[in-house]
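# Residue-level structure breakdown
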Amino acid sequence: MKDEYSQLIVTRILSLCEKRGITIYELSIMSGVSYSTLDNILKSKTFNPKLKTMHKIAIAFSLTLAELLDFDELNRYSFED
């Protein structure tokens, strides 16, 4: 379950980077989140990034945290065991 949820977040971050034409390295600089932390999230080594980290990423994309996490795939995701 956590792999699928984590992958939704990864896909969202990568999609926003592609849409805005920025690299993960640039996102790291813009967000203040270390490249290694972003790399761990994107490689699913970190399944549950801290809220503070996600907030920094959202701000880098000029989004609120709510806007970052408000996308169809995540909204349809079921947390049932």
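Just above sits the structure.
Residues numbered from 1 in each chain as written. Predicted model: local features only at pLDDT ≥ 70, side-chain atom pairs only at ≥ 80, totals over all residues. Heavy atoms only, no water.

## Let's talk about a nonpolar patch on the surface
Taken together, the side chains of Tyr25, Ile29 and Tyr35 make up a nonpolar region of the molecular surface, amounting to roughly 350 Å² of accessible area. Locating Tyr35 in the fold gives a position in helix H3 (residues 35-42). (Patch = residues over 30% accessible without salt bridge, like charges linked within 9 Å, V, L, I, M, F, W, Y side chains within 5 Å. Areas by Shrake-Rupley, 256 points an atom, 1.4 Å probe, with all protein chains shown as cover. Salt bridge = Lys/Arg side-chain N within 4 Å of Asp/Glu carboxyl O. Helix = DSSP H or I, 4+ residues; strand = E, 2+ residues; numbered from the N terminus.)

## A few points about the packing of helix H2 (residues 24-31) against helix H4 (residues 51-60)
Their axes nearest at 8 Å, the elements H2 and H4 cross at an angle of 105 degrees. For the element pair H2 / H4, the angle class is roughly perpendicular. For the pair formed by H2 and H4, the contact residues are Leu27, Met30 and Ser31 on the first element and Lys56, Ile57 and Ala60 on the second. (Axes fitted to C-alpha atoms, helices over the stretch in contact; angles between N-to-C directions. Parallel < 35°, antiparallel > 145°, perpendicular 65-115°, else oblique. Contact = heavy atoms within 4.5 Å.)

## A word on H4
All of the buried residues in H4 are Thr53, Met54, Ile57, Ala58 and Ala60. Angularly, the buried residues of H4 cover 160 degrees about the axis, an arc narrow enough to put them on a single face. Counted as exposed and oriented over 90 degrees from the buried face of H4: Leu51, Lys52 and Ile59. Just beyond H4, the residue with positive phi is Ser62, at close to 60 degrees. (Buried < 20%, exposed > 50% of the residue type's maximum accessible area, 1.4 Å probe, protein only. Arc of directions from axis to C-beta.)

Just distances and angles here, no functional claims.
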